[in-house]
Structure formats: C-alpha cells, structure tokens
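Structural characterization, general
Here is how the chains run, residue by residue.
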Amino acid sequence: RERAMLSRNLHKMLKLSDSSEKMLLFVFSFCALSHVTSCLWCMIGKFNSNPTQGWVFTYQYQDSEIWELYLAGLYWTVTTITTVGYGDISPQTALERIYGMVIMIFGVLSYSFAISYLSGFISKMDKAGGNDLKNGDFGQIGYGL
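Report follows, based on the coordinates. Within any chain, residue numbers begin from 1 and follow the written order of that chain's sequence. The predicted origin of the model limits local features to residues at a pLDDT of at least 70 and limits the giving and counting of side-chain atom pairs to 80 or more, whereas totals for whole chains, interfaces and linings rest on all residues. Note: side-chain values were computed over all heavy atoms of the structure, leaving out hydrogens and water.

**Some thoughts on the overall build of the protein chain**
Cut-off, in case you're wondering: Helix and strand definitions follow DSSP, with helices as H or I runs of at least four residues and strands as E runs of at least two, each counted in order from the N terminus. Relative accessible area decides the class of each residue, using a 1.4 Å probe on protein chains only: under 20% of the type maximum gives buried, over 50% gives exposed, and in between gives partly exposed. The contact criterion used throughout is that any non-hydrogen atoms of two residues lie within 4.5 Å. For accessible areas, the Shrake-Rupley method is used with a probe of radius 1.4 Å. Any residue's cover is judged against the shown protein chains and nothing else.
The helix and strand inventory of the protein chain stands at six helices and zero strands. Buried residues in the protein chain amount to 27% of all 145 residues. Look at the contacts in the protein chain between residues 6 or more apart in sequence, and 59% of them connect residues 24 or more apart. Accessible surface for the protein chain amounts to roughly 10,100 Å². Of this, 64% is attributable to carbon and sulfur atoms.

Here it is, written out as structure tokens:
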C-alpha cells in the first residue's frame, strides 16, 4: 500500500509515464542489487576460513582500504552480471564459485527481463505507429521520452 502511494507521488512529482517509471525502477533495482551483491562478494572474500585463499588474498586486496575492496567487488559484480566477465578477478574457493554461479544466473534473468520489457516497448510503439518516432513526437505514444 505504501509502495503504491510512493509510486503515485513519484509519478506526480516527476511527471513520468508508466513505462519510464518502470525503467527507472529497473535501473534503481539493478543498482541496489549490485551494491548488495558487491558487499556480499567482499564479505565472502574477506572473511574466508583460510586467509591465504580466496579472491581477496589472490589479488592482494587483503591490506586495501575498504572503498578499494568495495570498488573491486562492484567491478566483479558488474562484469559478471553483464556477462562481460573479463576474468581479471575470479572466484578462488568453492563458496566463491557457488556465489559466482548464482550471480551469473541472476544476470541472465535480468537480461531476459530487460529484453522482454524492451520487446514489449517496441511492440507498443509499432502499434502506435512508427511515424511518431520519425517525426520525433514521442508524447503521442504515451512513453514521455
């Protein structure tokens, strides 16, 4: 109930269309989940049962400042979720590998959702008439772009 009220107030304040609001919610959710995922990744690496194993020790972050460790964790999270996966930071222990697999699955599901949403968005634009896009008149199709 509170979420609906917050959503309505946000909708009125920012004058967002429904689809823009959903996109904003998706981006905010992605950022929040990336933050939590990064914190958990850092915690798993930092508080390993054997301090000479794990990604924190392997990549020499054991004496780093907390923000540097967090940035490395966020970097790993984003490269893993977006399926870029450079491999310069990788899981070293069984727990880190399991966590990495969970995050990979989350990344695939996120992409599936995003592609599904964009497909529906394009379908609605097509039904509304593609000429609106050529003329730069996005307001006619109700997306507020």
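**Considerations on the packing of helix α2 (residues 18-46) against helix α4 (residues 66-81)**
What counts here: Lines fitted to C-alpha atoms define the axes here, with helix axes fitted over just the stretch in contact, and angles between the N-to-C directions of these axes take values from 0 to 180 degrees. Each angle gets one of four labels, with under 35 degrees taken as roughly parallel, over 145 as roughly antiparallel, 65 to 115 as roughly perpendicular, and the rest as oblique. With the far helix as reference, a near helix turned anticlockwise by less than a right angle produces a left-handed crossing, and one turned clockwise produces a right-handed crossing.
As a packed pair, α2 and α4 sit with axes 8 Å apart at the nearest point and diverge in direction by 120°. For the element pair α2 / α4, the angle class is oblique. Where α2 crosses over α4, the two elements pack in a sense that is right-handed. Contact residues: Phe30, Ser34, His35, Thr37, Ser38, Cys39, Trp41, Cys42 and Lys46 in α2; Leu69, Tyr70, Gly73, Leu74, Trp76, Thr77 and Ile81 in α4.

**Some thoughts on the layout of surface pockets**
Here is the rule: Cavities and pockets are defined on a 1 Å grid built over the protein atoms alone: a cavity is a set of grid points where a 1.4 Å probe fits but cannot escape, while a pocket is an open set with protein on both sides within 12 Å along at least five of seven lines, and lining residues are those with an atom within 4 Å of any such point. Grid points are joined across faces, edges and corners, and a volume is the space filled by probe spheres set on the points. Put simply, Ala, Val, Leu, Ile, Met, Phe, Trp, Tyr, Cys and Pro go in the nonpolar bin, Asp, Glu, Lys and Arg in the charged bin, and everything else, Gly too, in the polar bin.
The calculated volume of the second largest pocket comes to roughly 180 Å³. Broken down by secondary-structure element, the contributors of at least two residues to the lining of the second largest pocket are α4 and α5 (94-128). Grouping the amino acids of the lining of the second largest pocket by side-chain chemistry returns seven nonpolar, seven polar and one charged.

**Examining the nonpolar core**
Put simply, the rule is: Throughout this description, the term nonpolar core refers to a set of buried Ala, Val, Leu, Ile, Met, Phe, Trp, Tyr and Cys residues connected via side-chain atoms within 4.5 Å.
Ranked by internal contacts, the top residues of the largest apolar core, which has 13 residues, are Trp41, Trp55, Tyr61, Leu69, Trp76, Ile89 and Tyr99. Elements represented by at least two residues in this core include exactly α2, α3 (55-58), α4 and α5. With four residues, α4 is the largest single contributor of residues to this core. Ignoring sequence-local partners within four residues, the contact set of Leu69 consists of Cys42, Lys46, Trp55, Val56 and Tyr61.

**Remarks on the packing of aromatic side chains**
Condition: A pair of aromatic rings is counted whenever rings of Phe, Tyr or Trp (Trp by its six-membered ring) have centres within 6.5 Å, and the orientation is called stacked for planes under 30 degrees apart, edge-to-face for over 60 and tilted otherwise.
All chains considered together, the criterion is met by seven aromatic pairs. When the centroid spacing of 3.7 Å and the interplanar angle of 5° are considered together, the rings of Trp41 and Trp76 count as stacked. Residue Trp41 is found in helix α2, and its partner Trp76 is found in helix α4; the two are separated by 35 residues along the sequence. Taking the relative accessible area as the measure of exposure, Trp76 reaches 3% and is therefore buried. Look at Trp76 and Tyr99: their rings are 6.2 Å apart centre to centre, the planes differ by 20°, and that puts the pair in the stacked class. Here Trp76 is found in helix α4, whereas its partner Tyr99 is found in helix α5, with 23 residues between them in sequence. Both residues of the pair, Trp76 and Tyr99, belong to the buried class. Among the aromatic side chains, those forming a connected cluster through ring pairs are Trp41, Trp55, Tyr61, Trp76 and Tyr99.

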